[in-house]
Amino acid sequence: KAVALDKNSWMSNYYLAISYCQMGALPIAEASLRAAMRIDEKDFQATRMLALLKATATDDKFRDPKIATSLAEKATSTAAGKSWQCLAALAACYAASGDFAKAIQATEQALTIVDQGNVDRLLNHLNLYKADKPLRIDWKTHDVWSESKL
(Lines give C-alpha, C1' and ligand atoms only; values in the text may rest on other atoms or scores of the structure.)
Protein backbone atom coordinates (compact mmCIF):
# COMPACT_ATOMS: atom_id res chain seq x y z
CA LYS A 1 0.00 0.00 0.00
CA ALA A 2 2.85 2.41 0.76
CA VAL A 3 4.19 2.12 -2.78
CA ALA A 4 0.69 2.54 -4.18
CA LEU A 5 0.42 5.76 -2.20
CA ASP A 6 3.88 7.06 -3.14
CA LYS A 7 5.64 5.37 -6.05
CA ASN A 8 8.50 7.85 -5.70
CA SER A 9 9.40 6.77 -2.19
CA TRP A 10 12.82 5.13 -2.02
CA MET A 11 12.04 3.67 1.39
CA SER A 12 8.70 2.19 0.34
CA ASN A 13 10.25 0.47 -2.68
CA TYR A 14 13.25 -0.76 -0.70
CA TYR A 15 11.23 -2.31 2.11
CA LEU A 16 8.70 -3.73 -0.32
CA ALA A 17 11.62 -5.52 -1.99
CA ILE A 18 12.70 -6.94 1.36
CA SER A 19 9.19 -8.29 1.89
CA TYR A 20 9.20 -9.88 -1.56
CA CYS A 21 12.54 -11.53 -0.72
CA GLN A 22 10.92 -13.16 2.29
CA MET A 23 8.22 -14.54 0.01
CA GLY A 24 10.83 -15.85 -2.40
CA ALA A 25 9.54 -13.54 -5.14
CA LEU A 26 13.01 -12.44 -6.24
CA PRO A 27 12.08 -11.06 -9.69
CA ILE A 28 9.50 -8.78 -8.07
CA ALA A 29 12.00 -7.85 -5.36
CA GLU A 30 14.46 -6.96 -8.12
CA ALA A 31 11.89 -4.66 -9.75
CA SER A 32 11.30 -2.86 -6.46
CA LEU A 33 15.03 -2.50 -5.82
CA ARG A 34 15.55 -1.12 -9.32
CA ALA A 35 12.74 1.37 -8.68
CA ALA A 36 14.48 2.46 -5.46
CA MET A 37 17.75 2.79 -7.38
CA ARG A 38 16.07 5.06 -9.97
CA ILE A 39 14.54 7.23 -7.25
CA ASP A 40 17.85 7.84 -5.47
CA GLU A 41 20.83 7.28 -7.73
CA LYS A 42 23.26 8.17 -4.92
CA ASP A 43 21.91 5.45 -2.65
CA PHE A 44 24.04 2.35 -2.33
CA GLN A 45 21.81 0.18 -0.15
CA ALA A 46 19.32 -0.88 -2.82
CA THR A 47 22.17 -1.46 -5.28
CA ARG A 48 24.04 -3.55 -2.70
CA MET A 49 20.95 -5.58 -1.87
CA LEU A 50 20.23 -6.33 -5.53
CA ALA A 51 23.87 -7.36 -6.03
CA LEU A 52 23.58 -9.72 -3.08
CA LEU A 53 20.37 -11.24 -4.44
CA LYS A 54 21.83 -11.73 -7.92
CA ALA A 55 24.99 -13.33 -6.48
CA THR A 56 23.58 -15.61 -3.82
CA ALA A 57 20.14 -16.79 -4.98
CA THR A 58 19.68 -20.54 -4.99
CA ASP A 59 17.72 -20.23 -8.26
CA ASP A 60 20.22 -20.64 -11.11
CA LYS A 61 17.88 -18.79 -13.49
CA PHE A 62 17.84 -15.69 -11.27
CA ARG A 63 21.49 -15.71 -10.23
CA ASP A 64 23.75 -13.60 -12.46
CA PRO A 65 27.28 -13.11 -11.09
CA LYS A 66 28.34 -10.70 -13.84
CA ILE A 67 25.47 -8.28 -13.20
CA ALA A 68 25.84 -8.81 -9.45
CA THR A 69 29.53 -7.90 -9.50
CA SER A 70 28.88 -4.75 -11.51
CA LEU A 71 26.19 -3.67 -9.05
CA ALA A 72 28.34 -4.46 -6.01
CA GLU A 73 31.30 -2.54 -7.42
CA LYS A 74 29.02 0.46 -7.98
CA ALA A 75 27.59 0.23 -4.45
CA THR A 76 31.05 -0.11 -2.89
CA SER A 77 32.33 2.85 -4.88
CA THR A 78 29.31 4.99 -3.95
CA ALA A 79 29.88 4.11 -0.28
CA ALA A 80 33.57 5.03 -0.72
CA GLY A 81 34.60 1.61 0.61
CA LYS A 82 33.27 2.49 4.08
CA SER A 83 30.35 0.06 4.17
CA TRP A 84 31.16 -3.43 5.42
CA GLN A 85 27.85 -4.57 3.93
CA CYS A 86 28.89 -3.39 0.45
CA LEU A 87 32.25 -5.09 0.81
CA ALA A 88 30.56 -8.31 1.98
CA ALA A 89 28.19 -8.18 -1.00
CA LEU A 90 31.13 -7.57 -3.32
CA ALA A 91 32.88 -10.60 -1.82
CA ALA A 92 29.78 -12.74 -2.42
CA CYS A 93 29.71 -11.55 -6.03
CA TYR A 94 33.37 -12.36 -6.58
CA ALA A 95 32.79 -15.82 -5.10
CA ALA A 96 29.74 -16.34 -7.32
CA SER A 97 32.01 -15.55 -10.28
CA GLY A 98 34.59 -18.06 -9.05
CA ASP A 99 37.16 -15.43 -8.03
CA PHE A 100 37.70 -16.64 -4.49
CA ALA A 101 40.97 -14.72 -3.99
CA LYS A 102 39.10 -11.43 -4.50
CA ALA A 103 36.22 -12.69 -2.35
CA ILE A 104 38.66 -13.39 0.48
CA GLN A 105 40.32 -10.00 0.07
CA ALA A 106 36.99 -8.11 0.11
CA THR A 107 35.81 -10.06 3.17
CA GLU A 108 39.04 -9.36 5.01
CA GLN A 109 38.60 -5.67 4.22
CA ALA A 110 35.00 -5.80 5.50
CA LEU A 111 36.22 -7.42 8.72
CA THR A 112 38.31 -4.31 9.47
CA ILE A 113 35.19 -2.11 9.66
CA VAL A 114 32.33 -4.44 10.63
CA ASP A 115 30.51 -4.07 13.94
CA GLN A 116 31.07 -6.82 16.51
CA GLY A 117 27.58 -8.21 16.02
CA ASN A 118 28.35 -9.27 12.45
CA VAL A 119 31.93 -10.55 12.73
CA ASP A 120 30.86 -14.20 13.01
CA ARG A 121 28.72 -13.94 9.88
CA LEU A 122 31.66 -12.57 7.89
CA LEU A 123 33.99 -15.21 9.30
CA ASN A 124 31.54 -17.88 8.13
CA HIS A 125 31.56 -16.31 4.66
CA LEU A 126 35.35 -16.16 4.72
CA ASN A 127 35.54 -19.87 5.52
CA LEU A 128 33.29 -20.64 2.53
CA TYR A 129 35.49 -18.62 0.19
CA LYS A 130 38.67 -20.21 1.52
CA ALA A 131 37.08 -23.57 0.66
CA ASP A 132 36.31 -22.26 -2.85
CA LYS A 133 32.57 -22.27 -2.18
CA PRO A 134 30.19 -19.44 -3.08
CA LEU A 135 27.62 -18.08 -0.66
CA ARG A 136 24.10 -19.31 -1.39
CA ILE A 137 21.07 -17.90 0.40
CA ASP A 138 17.54 -19.26 0.47
CA TRP A 139 15.86 -15.88 0.79
CA LYS A 140 12.56 -17.43 1.95
CA THR A 141 14.15 -18.76 5.13
CA HIS A 142 17.04 -16.30 5.55
CA ASP A 143 16.82 -13.41 8.03
CA VAL A 144 16.39 -10.83 5.26
CA TRP A 145 16.14 -7.98 7.73
CA SER A 146 19.69 -8.65 8.91
CA GLU A 147 20.87 -8.05 5.32
CA SER A 148 18.70 -4.97 4.81
CA LYS A 149 19.68 -2.86 7.79
CA LEU A 150 20.57 0.63 6.77
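About the thresholds
- Residues numbered from 1 in each chain as written.
- Predicted model: local features only at pLDDT ≥ 70, side-chain atom pairs only at ≥ 80, totals over all residues.
- Heavy atoms only, no water.
- Helix = DSSP H or I, 4+ residues; strand = E, 2+ residues; numbered from the N terminus.
- Expected span 1.5 Å × (residues − 1).
- Contact = heavy atoms within 4.5 Å.
- Axes fitted to C-alpha atoms, helices over the stretch in contact; angles between N-to-C directions.
- Parallel < 35°, antiparallel > 145°, perpendicular 65-115°, else oblique.
- Left-handed = near helix turned anticlockwise from the far one by under 90°.
- Nonpolar A, V, L, I, M, F, W, Y, C, P; charged D, E, K, R; others polar.
- Phe/Tyr/Trp six-rings, centres within 6.5 Å; stacked < 30°, edge-to-face > 60°.
- Buried < 20%, exposed > 50% of the residue type's maximum accessible area, 1.4 Å probe, protein only.
- Lys NZ or Arg CZ within 6 Å of the ring centre and 35° of its normal.

Undergrad: Which parts of the structure should I look at to understand helix 7 (residues 100-111)?
TA: Given 3.6 residues to a turn, an α-helix orients residues that are three or four positions apart in the same direction. For helix 7, with 12 residues, the first-to-last C-alpha span of 16 Å sits near the 16 Å given by 1.5 Å per residue. Where helix 7 is buried, its residues meet helix 6 (84-96) and helix 8 (119-130).

Undergrad: Please explain the packing of helix 3 (residues 26-39) against helix 4 (residues 45-56) as it appears in this structure.
TA: Remark: helix 3 packs on helix 4, axes separated minimally by 9 Å, with the N-to-C direction vectors making an angle of 155°. On the basis of the axis angle, helix 3 is roughly antiparallel to helix 4. Relative to helix 4, the crossing made by helix 3 is left-handed. Taken together, the residues of helix 4 that come into contact with helix 3 (itself represented by L26, A29, E30, L33, R34, A36 and M37) are A46, T47, M49, L50, L53 and K54. Here the residues of the contact of helix 3 with helix 4 are counted per class, giving 9 nonpolar, 1 polar and 3 charged.

Undergrad: Please explain the packing of aromatic side chains as it appears in this structure.
TA: When we look at a pair of aromatic rings, we describe it by the centre distance and by the angle of the planes. Applying the stated criterion across every chain yields a total of 2 aromatic pairs. Judged by centre distance (4.8 Å) and plane angle (10°), the rings of W10 and Y14 are stacked. Placement of both W10 and Y14 in helix 2 (residues 10-23) is noted, with a separation of 4 residues, approximately one turn of the helix. Under the relative-accessibility criterion, W10 is labelled buried at 14%. Taking the centre distance of 5.2 Å and the plane angle of 80° together, the rings of Y14 and Y15 count as edge-to-face. Using a relative accessible area of 0% as the deciding quantity, one classes Y14 as buried. Residue Y15 is classed as partly exposed on the basis of its relative accessible area, which comes to 28%. Three or more aromatic residues joined by ring pairs make a cluster, and in this case those are W10, Y14 and Y15. For the cation-ring pair, K54 lies above F62, with the distance from its terminal atom to the ring centre recorded as 4.1 Å.

These figures capture arrangement, not role.
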